[in-house]
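Structure assessment
Here is how the chains run, residue by residue.
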Amino acid sequence: MTTTYAALLRGINVGGSRKVPMAALRTLMEGLGHDGVRTYLQSGQAVFSTGRHGDEDDLARELTRAIEKQFGFTVDVIVRDHAYLRAVADACPFPAADLEAKQLHVTYFSAPVDAGRFAAIDPAAFLPEEFRLGDRALYLYAPEGLGRSRLGEQLSRPRALKGLIATTRNWNTVAKLVEMTGP
């Protein structure tokens with residue numbers, strides 16, 4: 001039995017550094033024994049199937065090691081299956097259908113997070129921006145987009161993310177990954 005996953009690569013192909021060509025990434029992942037490897041955009045999403053039994057963290061570590069060996073730098077990777085991606089999309093606490101994709105983002109975490117990580121952030125100080133926590137995910141509503149979000153900047157500070165891999169995607173990418181990993 002095969003399972004379809006999305007691999008979310010953090011911080012590649014941004015600002016001219018840490019280049020990972022998508023064709024090379026597909027070839028690398030096929031070399032690891034994965035099937036049906038497809039990429040989405042240039043910002044680090046790959047969908048693949050595998051019949052190997054291993055958990056998502058093992059698959060992420062394997063891909064991280066292979067990327068480092070191939071490209072000479074470390075890339076943080078989070079791997080999640082379709083059921084998880086669908087559940088995150090379905091649990092969105094904001095009216096996704098009524099918002100522009102640039103206004104709604106999901107940060108995927110490598111492990112569960114609790115509200116204590118973000119206790120020093122006063123949500124009222126950033127209104128109308130808002131965030132909510134989910135299952136190893138954080139939903140961010142930023143009306144002016146992530147690039148102008150003061151709340152997004154606070155949520156991504158190293159103090160809040162210590163010990164975690166965190167990578168953020170806009171709502172279009174969230175929805176596309178659900179579609180691409182689906183049956």
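The following paragraphs examine the structure supplied in this document. Keep in mind that this is a model prediction, so the values were computed, not measured.

So, on to the pattern of salt bridges. This structure, assessed with the given rule, holds eight salt bridges. In this structure, Glu 56 and Arg 80 form a salt bridge, with 3.4 Å as the shortest nitrogen-oxygen distance. Of this pair, Glu 56 sits in helix α2 (residues 56-71) while Arg 80 sits in strand β4 (residues 77-81), placing them 24 residues apart in sequence. One salt bridge in this structure joins Glu 130 and Arg 132, with 2.8 Å as the shortest N-O distance. Assessed through its relative accessible area of 26%, Glu 130 is described here as partly exposed.

In this section: the nonpolar core. Considering soluble globular proteins, one finds that nonpolar side chains tend to be buried as a cluster. In terms of nonpolar packing, the biggest core is built from 24 residues, with Leu 85, Val 88, Val 106, Tyr 108 and Trp 171 touching the most fellow members. Those elements that place two or more of their residues in this core are β1 (3-9), α3 (82-90), β5 (104-109), β7 (137-141) and α6 (171-181). If near-sequence neighbours (up to four positions away) are discounted, Val 106 is found in contact with Val 88, Ala 137, Leu 138, Tyr 139, Thr 167, Thr 168, Arg 169, Trp 171 and Val 174. Of all hydrophobic cores here, the second largest spans 20 residues; its members include Ala 7, Leu 9, Val 20 and Val 77.

Taking strand neighbours across the sheet as the criterion, the four strands line up as β2-β3-β1-β4 in an open arrangement whose pairing is antiparallel. Each end of this open sheet is capped by a strand with a single partner; those strands are β2 (35-40) and β4. With direction set aside, neighbouring strand axes in the sheet form an average angle of 20 degrees. Here β1 pairs with strand β3 (residues 45-50) via six bridges, running antiparallel. Bridging across to β3, Leu 8 finds its partner in Gln 45. Strands β1, β2 and β3 of the sheet are contacted by helix α1 (residues 22-31), whose axis makes an angle of about 155 degrees with β2.

Reading the values: rules and limits
- Residues numbered from 1 in each chain as written.
- Predicted model: local features only at pLDDT ≥ 70, side-chain atom pairs only at ≥ 80, totals over all residues.
- Heavy atoms only, no water.
- Salt bridge = Lys/Arg side-chain N within 4 Å of Asp/Glu carboxyl O.
- Helix = DSSP H or I, 4+ residues; strand = E, 2+ residues; numbered from the N terminus.
- Buried < 20%, exposed > 50% of the residue type's maximum accessible area, 1.4 Å probe, protein only.
- Core = buried A, V, L, I, M, F, W, Y, C linked by side-chain atoms within 4.5 Å.
- Contact = heavy atoms within 4.5 Å.
- Pairing = 2+ DSSP bridges.
- Axes fitted to C-alpha atoms, helices over the stretch in contact; angles between N-to-C directions.

Geometric descriptors of this kind do not, in isolation, establish any biological role.
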